[in-house]
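# Reading the structure
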2 protein chains.
Amino acid sequence: MTVKKYNHKQINKIVQYILKSNGLSEEDVRTVSNSLIAADLRGVNSHGILRLPIYVKRIKNGKIKFNPEIRHIKETNATLVLDGDHGLGQVVSQKAVNELIEKASNSNIAAVTVRNSNHYGAAAYWSSQLANENMIGLSVSNVEPLMPPPGGAAARVGNNPISFTIPAGEKPPIVLDMATSVVPLGKILNAQSKNESIPEGWAVNSNGNPTTDPNEVVNGGSLFPVGGPKGYGLSIVIDVLSALLSNGAVGEEIHSMYQEIDKHNNISHFFLGIKIEAFMEIAKFKTLVDQYIDYIKLTPLAQNTKEIYLPGEIEHLNYLSNQERGITVPDNLIAELIDLAKEFGLEQSLIEEYTKPQDELVK
Amino acid sequence: MTVKKYNHKQINKIVQYILKSNGLSEEDVRTVSNSLIAADLRGVNSHGILRLPIYVKRIKNGKIKFNPEIRHIKETNATLVLDGDHGLGQVVSQKAVNELIEKASNSNIAAVTVRNSNHYGAAAYWSSQLANENMIGLSVSNVEPLMPPPGGAAARVGNNPISFTIPAGEKPPIVLDMATSVVPLGKILNAQSKNESIPEGWAVNSNGNPTTDPNEVVNGGSLFPVGGPKGYGLSIVIDVLSALLSNGAVGEEIHSMYQEIDKHNNISHFFLGIKIEAFMEIAKFKTLVDQYIDYIKLTPLAQNTKEIYLPGEIEHLNYLSNQERGITVPDNLIAELIDLAKEFGLEQSLIEEYTKPQDELVK
């Protein structure tokens, strides 16, 4: 199989054209497109431009607002509750993170909780902005129910993502970005499409029993929380921080972005920033983080291991490499982007310019 | 096998006598003994009075200071770095949590990081004190290396515990308290003592390869992080929050409480408090939490399941039941307590009064 690689700046142009044609302001266009392209650069394609077609579909039917009126519901010097008014998750989250940086700069620690939002891309995109400001950043979001409580036969909590980013000195930052399920839903769908079974421990069927049949998972089953009660418990905490603190939606009030296209998504986010200078000189902290990274990297290797990686390090290496070599975009997604660009009247010569592969890899 | 149950108030008296005899102030005696007894009441015996003999051993050899000079290293209105001066973890943590409650009450969010401390009992004991003050409480601690990074053949990070407590209204609070390994070391030691094998996925041997032989784990092997890179990543974040932010010890600078008796333990903690009133009226929040708990509790049941539990709910039920029926204490631990009490001169009639079983269960 060959995989085509595309220049990320060119692809960004067609993404921006499509977003702009959907009524987004210049600033919001940049916010959304940069978040998607950043995920593709990091090799996290599941949270990259793959999501653009569903965003556009939802903007068209009004379930995502292209010009939301984001409201301050309650505010102190260190805290803020935002109502995202069903704007794009990135537009709402960028506003939240900007406010958070301002507040944490003054108050040393601050948090913003956000209701009535949408898919915000990769959780790490937001925690990393906080790290760029010399903070330890936390970013979490709830999603629709995808996992049962231990002993349950129906999904009740999302596989809610959690991301921490910790700034380093000479080294890349430490970036944890994980879902609270053993595997994401995409891996189940992938096995289903290939007619393969899945390993035990990934998911349960509609009776809440373990299954190795991906069809049983898709038809009323659900994902297994990582570590059973541990992943379940973390997801509950994320529901509370994002949706209860903001008086947003939980459980069945959250609607699947893909399967419930005629309803608002209604997800919530929570962001926390911890200003490092309040605890220690930032230069000293960064030196300590670098030393800690060295300590981990120098772990003796198990058989068949070539290198030990810190959380987020592989994505950082992808980022550096993909800036040169291009991002991976499947043919069907390129076709969708071209269709959308045509629909919104982008001229053919520019479509060709933006979607010209720069490399082809045998995979 | 029979298991004896003891009145927790009587056992607390002998625990307090022993602590007092070791030079602790009245206040510190109460802090430490209450934290241990609370764990036993919640059925978390691994973090209860089982730990008292090693505390005493370490106080005797000076590696735990019974009268630490806990110092403020750096402080703002919302943040504090403490040096625990190698005091008992509970003494240091109570000071930290008291300061945190004061700060978060004024600043809406606050955090305290602590270096040079010792085993602090159950992580949830501290997050729950914050919840009692109408805050969302976070409590984490690092411990000595017990888990390898993915692909590593040696332990580099602890199975660092993390606890969140969320206050509810009519319902008991939601209390997550988890280690970042698949199972605690105690389960490996237990299998070893019974000459049983352990399930695959619990631990690795000294080459970093999966093993089912507990002897291989104890002899240079290590625990497997829950969810592989997920548990590993969470442990790294906990190292950073507790030990890097406080300029405390990580990795080999941390010494096993049991195996390196002649060295300071050197662990670090981190506590965060989020004042709920800053986001929402507390009564409203508690109603939302109660409704959320109902929603989870009403999940359809899988086969062989009788009830769905929230994080911490089983421990809460234990707490209520054990207050009446007594806490479980193994015979050898009772014998140790009696020996210690005798050593410090407690008269025989009181020893007998404090250690009289109130119930005997066939298990």
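Not measured: the values here are computed from a predicted model.

Thresholds, definitions, all that
Residues numbered from 1 in each chain as written. Chains lettered and ligands numbered in written order. Predicted model: local features only at pLDDT ≥ 70, side-chain atom pairs only at ≥ 80, totals over all residues. Heavy atoms only, no water. 1 Å grid on protein atoms, 1.4 Å probe; cavity = no way out; pocket = protein on both sides within 12 Å on 5 of 7 lines; lining within 4 Å. Points joined across faces, edges and corners; volume = space filled by probe spheres on them. Helix = DSSP H or I, 4+ residues; strand = E, 2+ residues; numbered from the N terminus. Nonpolar A, V, L, I, M, F, W, Y, C, P; charged D, E, K, R; others polar. Domains from an automatic or database assignment. Contact = heavy atoms within 4.5 Å. Buried area = accessible area lost by both parts, 1.4 Å probe. Salt bridge = Lys/Arg side-chain N within 4 Å of Asp/Glu carboxyl O. Least-squares fit on C-alpha atoms with pLDDT ≥ 70 in both. Polar contact = N/O pair within 3.5 Å; in protein donor to acceptor, adjacent residues only side chain to side chain. Buried < 20%, exposed > 50% of the residue type's maximum accessible area, 1.4 Å probe, protein only.

### Observations concerning empty space enclosed by the protein
It is a probe the size of a water molecule, rolled over the atoms, that shows where empty space is left. The full count for this structure, using the stated rule, is two cavities of 30 Å³ or more. Here the largest cavity is characterised by a volume of approximately 160 Å³. What lines the largest cavity is a set of 20 residues, among which A:Leu138, A:Ile162, A:Phe164, B:Leu138 and B:Phe164 lie closest to the centre. At the level of elements, strand 5 (135–141), strand 6 (162–166), helix 8 (229–244) and strand 10 (267–275) of chain A together with strand 5 (135–141), strand 6 (162–166), helix 8 (229–244) and strand 10 (267–275) of chain B are the ones that each hand at least two residues to the lining of the largest cavity. Its residues assigned to classes, the lining of the largest cavity comprises 20 nonpolar, no polar and no charged. Estimates place the volume of the second largest cavity at around 50 Å³. For the lining of the second largest cavity, the secondary-structure elements that each account for two or more residues are helix 8 of chain A together with helix 8 of chain B.

### With respect to the domain arrangement of chain A
Residues and elements named next belong to chain A. The domain boundaries assigned to chain A delineate domain 1 (67–181 + 227–285) and domain 2 (185–224). Here domain 1 and domain 2 have C-alpha centroids that lie 27 Å from each other. Domain 1 puts nine residues into the contact, and the matching count from domain 2 is eight residues. Summed over both sides, the interface between domain 1 and domain 2 buries roughly 620 Å², with carbon and sulfur atoms accounting for 61% of that surface. The largest contributions to the domain 1 side of the interface with domain 2 come from Leu146, Pro148 and Ala153, which together make up 55% of the buried area. Put simply, domain 1 and domain 2 have zero salt bridges between them. The residue makeup of the side of domain 1 that touches domain 2, split by class, is five nonpolar, four polar and no charged.

### Notes on the relation of the copies chain A and chain B
Here the two chain copies are tied together by a rotation about an axis and a shift along that axis. Rotating chain A by 180° and translating it 0.0 Å along the rotation axis places it on chain B, where the RMSD comes to 0.0 Å. The transformation relating the two chain copies, once decomposed into turn and shift, fits a two-fold axis. A share of 100% of the interface residues of chain A reappears at the interface of chain B, consistent with the copies meeting face to face through the same patch.

### Side note on the interface of chain A and chain B
Contact residues are listed per partner, giving 80 residues for chain A and 80 residues for chain B. Roughly 6100 Å² of surface becomes buried between chain A and chain B when both sides are summed, with 73% attributable to carbon and sulfur atoms. Connecting chain A to chain B are zero salt bridges. The interface formed by chain A and chain B contains 20 residue pairs in polar contact (both at pLDDT 80 or more).

### Here's the deal with the pattern of salt bridges
As enumerated under the stated definition, the model contains 24 salt bridges over all chains in all. Put simply, A:Glu75 and A:Lys103 hold a salt bridge, and the shortest N to O gap is 2.8 Å. Note that A:Glu75 is positioned in strand 2 (residues 71–75) and A:Lys103 in helix 4 (residues 89–107), a separation of 28 residues in sequence. Among the residues examined, A:Glu75 registers a relative accessible area of 42% and is labelled partly exposed. A relative accessible area of 8% means that A:Lys103 is categorised as buried. A salt bridge links B:Asp83 to B:Arg115, with the shortest nitrogen-to-oxygen separation between them at 3.0 Å. Here B:Asp83 is found in strand 3 (residues 79–83), whereas its partner B:Arg115 is found in strand 4 (residues 109–117), with 32 residues between them in sequence. For B:Arg115, a relative accessible area of 14% corresponds to the buried category. Via salt bridges that share partners, A:Arg71, A:Asp83 and A:Arg115 belong to a single interconnected network.

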